[in-house]
Protein chains: 2
Amino acid sequence: MSKRIAGPEIERLIQLLAKVPGLGPRSARRAALHLIKKKEQLMHPLAGAMAEAAERVRACSVCGNIDTADPCRICTDPSRDDGTIIVVEDVSDLWALERAGAMNVRYHVLGGVLSPLDGVGPDQLTIGQLVARVAAGRVREVIIAVNATVEGQTTAHYLTDQLAPLDIKVTRLAHGVPVGGELDYLDEGTLAAALKSRTAF
Amino acid sequence: MSKRIAGPEIERLIQLLAKVPGLGPRSARRAALHLIKKKEQLMHPLAGAMAEAAERVRACSVCGNIDTADPCRICTDPSRDDGTIIVVEDVSDLWALERAGAMNVRYHVLGGVLSPLDGVGPDQLTIGQLVARVAAGRVREVIIAVNATVEGQTTAHYLTDQLAPLDIKVTRLAHGVPVGGELDYLDEGTLAAALKSRTAF
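Residues numbered from 1 in each chain as written. Chains lettered and ligands numbered in written order. Predicted model: local features only at pLDDT ≥ 70, side-chain atom pairs only at ≥ 80, totals over all residues. Heavy atoms only, no water.

## What about the overall build of chain A?
Regarding its fold elements, chain A presents seven helices and six strands. Starting at the N terminus and ending at the C terminus, chain A contains elements arranged as α-α-α-β-β-β-α-β-α-β-α-β-α. Here chain A has a C-alpha radius of gyration of 22 Å; the compact-globule value for 201 residues is 17 Å, and the former is much larger. With respect to the principal axes defined by its C-alpha atoms, chain A has extents near 65 × 45 × 40 Å. Counting the 201 residues in chain A, one finds 43% classified as buried. When contacts within chain A are restricted to residue pairs at least 6 apart in sequence, those whose partners lie at least 24 apart make up 48%. Surface exposure of chain A reaches about 10,900 Å², of which carbon and sulfur atoms provide 54%. For chain A, the separation between the mean place of its 23 positive charges and that of its 24 negative charges on side chains is 9 Å. (Helix = DSSP H or I, 4+ residues; strand = E, 2+ residues; numbered from the N terminus. Rg over C-alpha atoms; globule rule 2.2 N^0.38 Å. Buried < 20%, exposed > 50% of the residue type's maximum accessible area, 1.4 Å probe, protein only. Contact = heavy atoms within 4.5 Å. Areas by Shrake-Rupley, 256 points an atom, 1.4 Å probe, with all protein chains shown as cover. Lys, Arg positive; Asp, Glu negative; His and termini not counted. Charge placed at Lys NZ, Arg CZ, Asp CG, Glu CD.)

Written as structure tokens, this is what we have:
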């Protein structure tokens, strides 16, 4: 859209919307028009929700989750088991595991994975805080739930080394066939891992 | 995400983001996390831009375009030819034609197409205003640029009937091969139209 058709306000709204992941320049225009048409039902409330979240949401100083409370409501939930910490790369992984709802435990968000080429060393991640949390006691098991990428696995090995002196159990997620997955579409590495870790019927 | 992990503010942000066209529930979560991480660079400015647009942007009372000024800057642009009005269904079509930049004329946004099954009759569209604009004089040509759908074509015929007594030229967009398009992928209707409207080399 050229500057001549609509005001700079609309232009700026489109430019900012285009930076939201999932929206490109074209869908940002569509989104902007939709928002303008649904001014009362959508644009006003969304602007308010964003301003409020920007104001109130922060990273938890204990685990790195995001919440309006600090410590977050996972860290302060009395029903959760203090003895187990699941280590994830990112808050989105924490949310994914919580949606699965399989374990009622604590988390630790690393904030990324070791990647020397991108200048991410142990000090850029929250590895020191994790070791301190574990050393402070009560933790019996750390489940390393980083992504199954090369950097993720490197990070997992580094974490294992760091946690080794603390005499706790360190585990990782199982590799195998996704539930509902078809063997025909799986890669050889996954199939080999699934065979190796086969369980009794 | 269950209510227990994050505050209601984040939950509400995700729910509202999921209503933006182009974002579903899954990408709304990704977008919310990204916005929270880019609080200063993106979430604050976007919230502000939305609030400002919601406050200041309105539909032009002459042509139906959206702008912060009323009449909009297309209607008040002195360089544009008053003699020609391009009739479109929606503001997005107006923007698309302006991006093409082929004609420096005025527009009229219908606000939809005739669709009796959805309860859209002539009174739900801005057809009366268009006829009044044309009847007020100076207009020599109306270019009907509605979509090439059944409803669009019905609307075009209705408009032609309404404009017939006014003794002006009424035209429509040419059908033909899209620029850069491959014949092999085009439907028969388009190819037949392109052959029928063939032009001399």
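## Looking at the pairing of strand 6 (residues 169–172) of chain B
Pairing of strand 5 (residues 141–144) of chain B with strand 6 of chain B, which is carried by four bridges, proceeds in the parallel orientation. When the sheet's bridge partners are listed, Ile144 of chain B is paired in strand 6 of chain B with Arg172 of chain B. (Pairing = 2+ DSSP bridges.)

## Focus on unusual backbone geometry
Here the amide bond leading from Asp70 of chain A into Pro71 of chain A is cis, since omega sits at 0°, within 30 degrees of zero. Locating Pro71 of chain A in the fold gives a position in the loop between strand 2 (66–67) and strand 3 (81–88). Although it is not a glycine, Arg138 of chain B adopts a positive phi angle of roughly 70°. Along the polypeptide, Arg138 of chain B turns up in the loop between helix 5 (127–135) and strand 5. On the basis of relative accessible area, Arg138 of chain B is assigned to the exposed category, the value being 69%. In this structure, Asp167 of chain B is a non-glycine residue whose phi angle is positive, near 55°. By relative accessible area, which is 72% here, Asp167 of chain B ends up exposed.

## Regarding the interface of chain B and chain A
The interface of chain B with chain A comprises 58 residues on the first partner and 58 residues on the second. Put simply, chain B and chain A have four salt bridges between them. Where chain B packs against chain A, one counts eight residue pairs in polar contact (both at pLDDT 80 or more). Broken down by secondary-structure element, the contributors of at least two residues to the side of chain B that touches chain A are helix 1 (8–17), helix 2 (25–37), helix 3 (39–56), strand 2 (66–67) and helix 4 (91–100) of chain B. It is helix 3 of chain B that provides the largest number of residues to the side of chain B that touches chain A, a total of 15 residues. The residue inventory of the side of chain B that touches chain A, partitioned by class, reads 32 nonpolar, eight polar and 18 charged. (Salt bridge = Lys/Arg side-chain N within 4 Å of Asp/Glu carboxyl O. Polar contact = N/O pair within 3.5 Å; in protein donor to acceptor, adjacent residues only side chain to side chain. Nonpolar A, V, L, I, M, F, W, Y, C, P; charged D, E, K, R; others polar.)

## Section: helix 2 (residues 25–37) of chain A
Since one α-helical turn is 3.6 residues long, residues separated by three or four positions face the same way. Spanning 13 residues, helix 2 of chain A covers 19 Å between terminal C-alpha atoms, matching the ideal 18 Å at 1.5 Å per step. Three or more residues of helix 2 of chain A are buried, namely Ser27, Ala28, Arg29, Ala31, Ala32, Leu33, Leu35 and Ile36 of chain A. For helix 2 of chain A, the secondary structure elements touched by its buried residues are helix 1 (8–17) and helix 3 (39–56) of chain A together with helix 3, strand 2 and helix 4 of chain B. (Expected span 1.5 Å × (residues − 1).)

## As for the pattern of salt bridges
Per the stated rule, a full pass over the model turns up 18 salt bridges over all chains. Arg73 of chain B is paired through a salt bridge with Asp67 of chain B; the nearest N and O atoms lie 2.9 Å apart. Judged by its relative accessible area of 29%, Arg73 of chain B falls in the partly exposed class. Through salt bridges with shared partners, a single ionic network connects Glu9 of chain A together with Glu52 and Arg56 of chain B.

## Quick look at the sheet that holds strand 6 of chain B
Residues and elements named next belong to chain B. One open sheet accounts for four strands, arranged 4-3-5-6; its pairing is parallel. Taken across any chain shown, the strands that pair with only one partner, and hence form the sheet edges, are strand 4 (105–109) and strand 6. Ignoring which end each strand starts from, the neighbouring axes of this sheet average 25° apart. Pairing of strand 3 (residues 81–88) with strand 5 involves four bridges; the strand directions are parallel. By the bridge assignment, Val87 is partnered in strand 5 with Ile144. Set on the sheet, helix 5 makes contact with strand 3, strand 4 and strand 5; between it and strand 4 the angle comes to about 150°. Contacts between helix 6 (residues 150–163) and the sheet are confined to strand 3, strand 5 and strand 6, with strand 5 contributing the most and set at about 170° to the helix. (Axes fitted to C-alpha atoms, helices over the stretch in contact; angles between N-to-C directions.)

## Examining the domain arrangement of chain A
Parsing chain A into structural domains produces domain 1 (8–56) and domain 2 (66–172). Using only C-alpha atoms to locate each centre, domain 1 of chain A and domain 2 of chain A end up separated by 34 Å. (Domains from an automatic or database assignment.)

## A look at the nonpolar core
Among the nonpolar cores identified, the biggest contains 76 residues, and Leu17 and Met50 of chain A together with Leu17 and Met50 of chain B are the most heavily contacted of them. Sequence-distant contacts of Met50 of chain B, defined by excluding residues within four places in its chain, comprise Leu13, Leu17, Leu35, Met43, Leu46, Ala47 and Met50 of chain A. Formed by 17 residues, the second largest nonpolar core is a distinct cluster that contains Leu114, Val134, Val142 and Ala156 of chain B. (Core = buried A, V, L, I, M, F, W, Y, C linked by side-chain atoms within 4.5 Å.)

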